[in-house]
Amino acid sequence: MSASRDYDVIVLGGGSGGLAAAFRAASHGARVAMLEPGELGGTCVNVGCVPKKAMWLAADVAGRIALASALGFDVAPRPALSWPELVTHRQRYIANIHASYRRRLDADGIAVVPRRGRLLDAHTVVCSDGVRISAEHLVIATGAHPRRPAIEGAELGGVSDDFFNLCEAPAQVAVVGGGYIAVELAGLLQALGSRVEMFVQGARLLDRFDAELAMQLAENLRQQGVRLHFETKVQGLRQAPDGRLRVVGANASGPAFDKLFFAIGRRGNTDDLGLAEVGVKLGERGEVVVDAWQTSSVPSVHAIGDVAGKLGLTPVAIAAARKLMDRLFGHQPEARMDYDNVPTVVFSHPPLGQVGLTEEQARARHGDAVRVYCSNFRPMLQALAEGPQRSLFKLVCVGEEQKVVGIHLLGEGADEILQGFAVALKMGATKRQFEETVAIHPTSAEELVLIR
Ligand code: FAD
Ligand code: NDP
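Let us look at the structure shown here. (Residues numbered from 1 in each chain as written. Chains lettered and ligands numbered in written order. Predicted model: local features only at pLDDT ≥ 70, side-chain atom pairs only at ≥ 80, totals over all residues. Heavy atoms only, no water.)

1. Looking at the overall build of the protein
Looking only at helices and strands, the protein features 13 helices and 20 strands. Radius of gyration (C-alpha) of the protein: 24 Å, near the 22 Å computed for a compact globule of 452 residues. If you line up the protein on its principal axes, its C-alpha atoms span 70 × 65 × 40 Å. Considering only contacts in the protein between residues 6 or more positions apart, those separated by 24 or more positions represent 63%. As displayed, the protein offers around 21000 Å² of accessible surface, 51% of which is attributable to carbon and sulfur atoms. Distance between charge centroids for the protein: 1 Å, based on 48 positive and 50 negative side chains. (Helix = DSSP H or I, 4+ residues; strand = E, 2+ residues; numbered from the N terminus. Rg over C-alpha atoms; globule rule 2.2 N^0.38 Å. Contact = heavy atoms within 4.5 Å. Areas by Shrake-Rupley, 256 points an atom, 1.4 Å probe, with all protein chains shown as cover. Lys, Arg positive; Asp, Glu negative; His and termini not counted. Charge placed at Lys NZ, Arg CZ, Asp CG, Glu CD.)

Structure follows, in structure tokens:
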């Protein structure tokens, strides 16, 4: 650690990755400054995972009320929701997170600078008020922003950030995209009272997930009332005199929409950071190009989280940040993020989770050595209420020892079930070890140890 500089490390960004970096560096005794011009917590806490999960939970409750009605409870199948009241609860939860970060930053002696930062050289940052500060290491943790397509009228549409400003469910909504955000927004808006149409440029949803489960998920969305248009490219947007939106080039004769959301991927926040000027190499999606140790082409400049362009998930940003700080300040020269077998969940209704290889990836890599086990079943609550929804669980195994290399779950509880099984997969468990584990009955999770 160098005394000739103001700090040992300056972190640009106080989102998932930046906060984790600051806390871990401080725990190793480093002198830390963190720049954050917006709300603490970044995308995840303010316009991502947390408010999204709050809305998803509300949508889940709506689904359970409908099931309760079908089971004989004396409740209306679709009782009215006060959206503003839900938003009040959501924002109170978020305000508590801000306060707890603030307390922890103070307690750990981290200098929080409420300013945007820009690199002047490989060790110096200029804050948006002109103040210059220096450090041995600079960490870029500035996240990413939603992309908009280059089409006529694109500015008439919203992005995921705008979804969180809604005060009620718009009557007719279009969602453009077929990835995580499109699927999540479509499902929860439909459950909370909107009529949703999805415009997907490809032939399927979620192309990083198992094809069979993605197909079942599309079927679930249809059952919930979402209209899906595959291989449909939106070419433009026009506003009708009543303010409603019409899609050009797709569904042109269909309904006008009250809102349209683009969910077509995100781009790294690297503009105006002075990175190219100091020699930091950038990739095609605006990301900082980093090596396996999160270090850029300039040895004192590192990047973590969405801006590093690998897996855009909060726990990945946090894990990469902690490993980097352990390496720089914690005497752990080998510490680095392992990007293999990262579990992930799409918060659809029901959720879709996966860890490891998809069936397609496993077959491409291991050919005939792959064996796949599937269980397609109706979870008990759905069966009792005579609901149509089915669960689809899949294990992908390889070799004579049947090592489990992929776990794919679409169904109630998948979001909670997957974490423990991800530990087993990461430890190299075999199908036989799954079978030797006694089932917990009656649950959906037991399918994973009973699957044949
Ligand atoms: P961010 O959290 O975006 O933080 C970057 C911070 O940098 C921001 O606060 C910004 O103000 C600040 N900043 C920008 N420029 C500068 C500058 N020049 N100087 C200083 N500071 C700057 N992931 C999950 O794991 N689970 C989920 O359920 C999930 N749901 C999501 C839902 C939505 C709608 C979205 C959009 C994302 C979701 N994600 C989810 C992804 C997750 O939010 C991101 O992967 C995560 O927030 C990335 O953290 P980060 O620290 O890299 O960036
Ligand atoms: P994704 O990368 O998941 O999906 C982007 C989608 O947009 C794809 O279907 C893509 O189609 C489509 N697309 C790309 N360009 C266009 C275009 N010009 N016109 C129409 N469609 C287009 O991005 P998201 O925006 O959904 O989410 C961003 C990231 O945020 C995710 O990748 C994930 O890392 C993170 N996230 C995580 C969540 C979670 O953990 N639950 C939830 C939400 C976000 P194609 O495949 O054909 O290119």
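2. Quick word on the side chain of His137
Along the polypeptide, His137 turns up in strand β6 (residues 132-140). Relative accessible area serves as the criterion here: at 15%, His137 is assigned to the buried category. Excluding anything up to four places from it in sequence, His137 contacts Asp8, Val9, Ile10, Ser300, His302, Leu328 and Phe329. (Buried < 20%, exposed > 50% of the residue type's maximum accessible area, 1.4 Å probe, protein only.)

3. Some details on the site of ligand 2
Neighbouring ligand 2 are 21 residues; Ile181, Glu184, Gly265, Gly312 and Val345 lie closest to it. Between Gln201 and ligand 2, the recorded distance is 3.1 Å, taken from a side-chain N or O atom to an oxygen atom. Of all the elements, helix α6 (residues 180-191) adds the most residues to the shell around ligand 2, at three residues. (Near = heavy atom within 4 Å. Polar contact = N/O pair within 3.5 Å; in protein donor to acceptor, adjacent residues only side chain to side chain.)

4. Section: the site of ligand 1
Taken together, 32 residues surround ligand 1, and among them Gly17, Glu36, Thr43, Lys52 and Asp306 come closest. Note that a nitrogen atom of ligand 1 is positioned 3.2 Å from one of the side-chain N or O atoms of Arg116. Asp306 places a side-chain nitrogen or oxygen 2.8 Å from an oxygen atom of ligand 1. Taking 1000 Å² as the accessible area of ligand 1 by itself, protein coverage stands at 90%. Broken down by secondary-structure element, the contributors of at least two residues to the shell around ligand 1 are α1 (16-27), α2 (42-47), α3 (49-71) and α8 (314-329).

5. A word on the sheet that holds strand β17 (residues 352-356)
In spatial order, the strands read β16-β17-β20-β19-β18; together these five strands make up an open sheet with antiparallel pairing. In this open sheet, the two strands that pair with only one neighbour each are β16 (344-346) and β18 (370-377). Adjacent strand axes in the sheet meet at a mean angle of 15° when their direction is disregarded. Pairing geometry for strand β19 (residues 391-398) and strand β20 (residues 403-410), over seven bridges, is antiparallel. Each bridged residue has a counterpart across the sheet, and for Val396 the counterpart in β20 is Gly406. Sheet contacts for helix α9 (residues 359-366): β17, β18, β19 and β20; angle to β18, the most-contacted strand, approximately 165°. Each of β16, β17, β19 and β20 is contacted by helix α11 (residues 414-426), which is oriented at about 175° to β20, the strand it contacts most. (Pairing = 2+ DSSP bridges. Axes fitted to C-alpha atoms, helices over the stretch in contact; angles between N-to-C directions.)

6. A word on the sheet that holds strand β13 (residues 259-262)
If you trace the four strands from one edge of the open sheet to the other, you get β10-β9-β8-β13, paired in parallel fashion. The open sheet terminates on both sides in strands that have one partner only, identified here as β10 (227-229) and β13. Direction aside, the axes of adjacent strands within the sheet are offset by 15° on average. Note that strand β8 (residues 172-176) and strand β9 (residues 195-199) share five bridges and pair parallel. When the bridges of β9 are listed, Val176 appears paired with Phe199. Relative to β9, α6 is tilted by about 165°, and along the sheet it contacts β8, β9 and β13.

7. Things to note about the pattern of salt bridges
Following the criterion strictly, the structure yields 21 salt bridges and no others. Between Asp210 and Lys394 there is a salt bridge; the shortest N-O distance is 3.1 Å. Note that Asp210 is positioned in the loop between β9 and α7 (211-223) and Lys394 in strand β19, a separation of 184 residues in sequence. Take Asp210 and Lys394: they sit in the same class, and that class is buried. (Salt bridge = Lys/Arg side-chain N within 4 Å of Asp/Glu carboxyl O.)

8. Looking at the environment of Glu152
Summarising the element assignment, Glu152 is placed in the loop between β7 (144-146) and α5 (160-163). Considering only alpha carbons, one finds Glu152 and Gly236, 84 residues apart in sequence, at a separation of 4.6 Å. Leave out the neighbours within four places in its chain, and Glu152 touches Gln235, Gly236, Leu237 and Arg238.

9. Observations regarding the packing of α3 against α6
Closest axis-to-axis distance for the α3/α6 pair is 9 Å, and the angle between their directions is 45°. Our classification of the angle between α3 and α6 gives oblique. The chirality of how α3 crosses α6 is left-handed. Residue-level contacts link Lys52, Met55, Trp56, Ala59 and Ala62 of α3 to Glu184, Leu188 and Ala191 of α6. Counted by class, the contact of α3 with α6 contains six nonpolar, no polar and two charged residues. (Parallel < 35°, antiparallel > 145°, perpendicular 65-115°, else oblique. Left-handed = near helix turned anticlockwise from the far one by under 90°. Nonpolar A, V, L, I, M, F, W, Y, C, P; charged D, E, K, R; others polar.)

10. Comments concerning the pairing of strand β12 (residues 245-248)
Residues Leu245 and Val247 point to one face of β12 and are all buried, whereas Arg246 and Val248, pointing to the other face, are not buried. Between strand β11 (residues 236-239) and β12, which pair antiparallel in sequence order, lie five residues; one of them, Gly243, sits at a positive phi of approximately 90°.

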